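# Inside the fold
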Amino acid sequence: MSKTPRIRIPPEVKKYVFQRDKYQCQSCGKTTGETNLSIDHIIPLARGGQNDISNLQTLCFTCNQQKTDNIDPRFRRYFQL
């Protein structure tokens, strides 16, 4: 797998992903009032993931740090990796 170049996620896309995910961490369920949220690539760019909105999710800082460049285990069964 080749690494996908990192591009800055536009503010409109971040806003859309946060709204779609109801401002809630998709791993632990914490909300924006409880923690700092960020946008994460489900399949990391380092593993060939794309900069596509379908590959983005909302994670809190802690869950994002724990995930690092691994593939989110909740989605692993959907991909041949």
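Scroll up to find the structure.
Residues numbered from 1 in each chain as written. Predicted model: local features only at pLDDT ≥ 70, side-chain atom pairs only at ≥ 80, totals over all residues. Heavy atoms only, no water.

Further remarks concern the pattern of salt bridges. A full pass over the atoms with the stated rule returns two salt bridges. Salt-bridge contacts for Asp21 lead to Arg20; the nearest nitrogen and oxygen are separated by 3.1 Å. Note on Asp21: relative accessible area 9%, which makes it buried. With a shortest N-O distance of 3.1 Å, Asp40 and Lys67 are connected by a salt bridge. Taken as a pair, Asp40 in strand E1 (residues 37-41) and Lys67 in helix H2 (residues 61-67) lie far apart in primary sequence, 27 residues in all. You'll find Asp40 and Lys67 in the same group, each marked buried. (Salt bridge = Lys/Arg side-chain N within 4 Å of Asp/Glu carboxyl O. Buried < 20%, exposed > 50% of the residue type's maximum accessible area, 1.4 Å probe, protein only. Helix = DSSP H or I, 4+ residues; strand = E, 2+ residues; numbered from the N terminus.)

Per the stated rule, a full pass over the model turns up one aromatic pair. An angle of 20° between the planes, with centres 5.9 Å apart, marks the rings of Phe18 and Tyr23 as stacked. By relative accessible area, which is 17% here, Phe18 ends up buried. (Phe/Tyr/Trp six-rings, centres within 6.5 Å; stacked < 30°, edge-to-face > 60°.)

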